[in-house]
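Descriptive structure summary
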Amino acid sequence: MSMKIATHKVNDITVLDLSGRITLGEGSVQLRETVRDLVAKGQKKIVLNLGEVTYMDSSGVGELVTAYTTVKNQGGELKLVNLTKKIEDLMAITKLATVFDIHDDEAKAVAAF
Amino acid sequence: MADPTTSRVHYSLDSTLASINTVEQTVHDYALKAGFPEDELCNISLAAREAAVNAVVHGNRQNAAKKVDLSLEFNDQALTIRIADQGEGFDPDSLPDPLAPENILRGSGRGIFLIRTFMDELKFRRLASGTELTLVKYKKISKST
């Protein structure tokens, strides 16, 4: 299933609910452009909800990193929530679990801003 | 004489993003047939996918005139995946360490690292024209009581 992005707001925080695969050719460009557009509009508090992300390759991991640096370089914050076991393992293996602010649920991520 | 206990298949694929998906699914199905458990199938097919990305995107640069060769074989001991491109070749020793602090925030460069993480062996072979990656996953031997 190709990636879909749904958006909702919690106060001044934008939550992107991602579902499907984030891989080279599937969803990676979409995520990058969505985050870039949000930052351009001044929406720099972003939560990525990965609960429905079924698969990610190294390109997908790279896009998460690019999203993170795009937001951070503009003075914003990006957090991750609802990681599945597979995604959690990928983040640990690549040492990115020490970089990203990761939470178990949306409420905790929102409270952390 | 071919070893009758080893199953082998070979595919020649176009250098397209669709072929990367084909490699991933084909390896997944083959590893299932080879008897690998569910929790290893995803990692094996991901490793194969990363090797296919390497061949299609970095090796062949998605050149329609170039092919990617995929060979799979398994026996009682292991699953062996060979993926070859027709590109310019590269030096695997020159790849930056994606875990190094100066590289941790790079947007790319983790593919070979993930292959090494999920497979038991990774070998590089320079071909007359291109590069071949060999990925090996050994079967865990279950102890019988």
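Residues numbered from 1 in each chain as written. Chains lettered and ligands numbered in written order. Predicted model: local features only at pLDDT ≥ 70, side-chain atom pairs only at ≥ 80, totals over all residues.

Looking only at helices and strands, one finds three helices and five strands in chain B. Taken from N to C terminus, the helices and strands of chain B fall in the order β-α-α-β-β-α-β-β. For 145 residues, the compact-globule estimate of 2.2 N^0.38 gives 15 Å, and the C-alpha radius of gyration of chain B, at 16 Å, lies within 12% of that figure. Along the longest, intermediate and shortest principal axes, the C-alpha atoms of chain B span 50 × 40 × 25 Å. Among the 145 residues that make up chain B, the fraction classed as buried is 35%. Once local pairs closer than 6 in sequence are excluded, the contacts in chain B between residues at least 24 apart make up 66%. (Helix = DSSP H or I, 4+ residues; strand = E, 2+ residues; numbered from the N terminus. Rg over C-alpha atoms; globule rule 2.2 N^0.38 Å. Buried ≥ 20, exposed ≤ 12 C-beta atoms within 10 Å, placed from the backbone. Contact = placed C-beta atoms within 7 Å.)

Residue and element names in this part refer to chain B. Across the interface, helix H2 (residues 38-59) lies against helix H3 (residues 111-118) with an axial gap of 9 Å and an inter-helix angle of 150 degrees. In terms of orientation, H2 lies roughly antiparallel with respect to H3. Between H2 and H3 lies a crossing of left-handed hand. Here H2 contributes Asn-43, Ile-44, Leu-46, Ala-47, Glu-50, Ala-51, Val-53 and Asn-54 to the contact with H3, which in turn contributes Gly-111, Leu-114, Ile-115 and Phe-118. Across the contact of H2 with H3, the residue classes tally to eight nonpolar, three polar and one charged. (Axes fitted to C-alpha atoms, helices over the stretch in contact; angles between N-to-C directions. Parallel < 35°, antiparallel > 145°, perpendicular 65-115°, else oblique. Left-handed = near helix turned anticlockwise from the far one by under 90°. Nonpolar A, V, L, I, M, F, W, Y, C, P; charged D, E, K, R; others polar.)

What follows is about the interface of chain B and chain A. Chain B puts 17 residues into the contact, and the matching count from chain A is 14 residues. Looking at the side of chain B that touches chain A element by element, the count peaks at five residues for H2 of chain B.

This paragraph deals with the sheet that holds strand S5 (residues 101-103) of chain A. Residue and element names in this part refer to chain A. With mixed pairing, the five strands of this open sheet are ordered in space as S1-S2-S3-S4-S5. Looking at strand neighbours, the two that pair on one side only are strand S1 (4-10) and S5, the edges of this open sheet. The mean inter-strand angle of the sheet, taken between neighbouring strand axes irrespective of direction, is 25 degrees. Summarising the sheet, S1 and strand S2 (residues 13-22) pair through seven bridges and their orientation is antiparallel. (Pairing = 2+ DSSP bridges.)

A few words now on the environment of Tyr-30 of chain B. As for its placement among the helices and strands, Tyr-30 of chain B is situated in helix H1 (residues 17-33). A sequence separation of 44 residues divides Tyr-30 of chain B from Phe-74 of chain B, and the C-alpha atoms of the two residues are 8.6 Å apart.

On to the pairing of S1 of chain A, then. The element S1 of chain A is barely covered by neighbouring structure, given that only zero of its seven residues are classed as buried. Adjacent in sequence and paired antiparallel, S1 of chain A and S2 of chain A are bridged by two residues, among which Asn-11 of chain A carries a positive phi angle near 55 degrees.

Our focus in this paragraph is the pairing of strand S3 (residues 45-56) of chain A. Residue and element names in this part refer to chain A. With nine of its 12 residues buried, S3 lies for the most part within the structure. Bridging between S2 and S3 involves eight bridges; their strand directions are parallel. Across the sheet, the residue bridging to Ser-19 is Glu-52, located in S3. Handedness of the crossover is the feature at issue here: the chain leaves S2, passes through helix H1 (residues 28-40), returns alongside S3, and the resulting connection is right-handed. Strand direction decides the pairing type here: S3 and strand S4 (residues 77-81), joined by five bridges, are parallel. Bridge assignment links Asn-49 to a residue of S4, and that residue is Val-81. (Right-handed = clockwise from strand over helix to strand, strands pointing away.)

So, about the nonpolar core. Core analysis: the biggest nonpolar cluster contains 32 residues, and Ala-47, Ala-48, Ala-51, Ala-52 and Ile-83 of chain B have the highest contact counts within it. Elements with a contribution of two residues or more to this core: H1, H2, strand S2 (67-74), strand S3 (78-84), H3 and strand S5 (130-138) of chain B. Top element by residues in this core is H2 of chain B. It accounts for nine residues. Look past the residues within four positions of Ala-51 of chain B in its chain and what remains in contact with it is Ile-83, Ile-115, Leu-133 and Leu-135 of chain B. Counting residues in each nonpolar core, the second largest holds 29 residues, with Val-47, Leu-48, Leu-50 and Leu-83 of chain A among its members. (Core = buried A, V, L, I, M, F, W, Y, C linked by C-beta atoms within 7 Å.)

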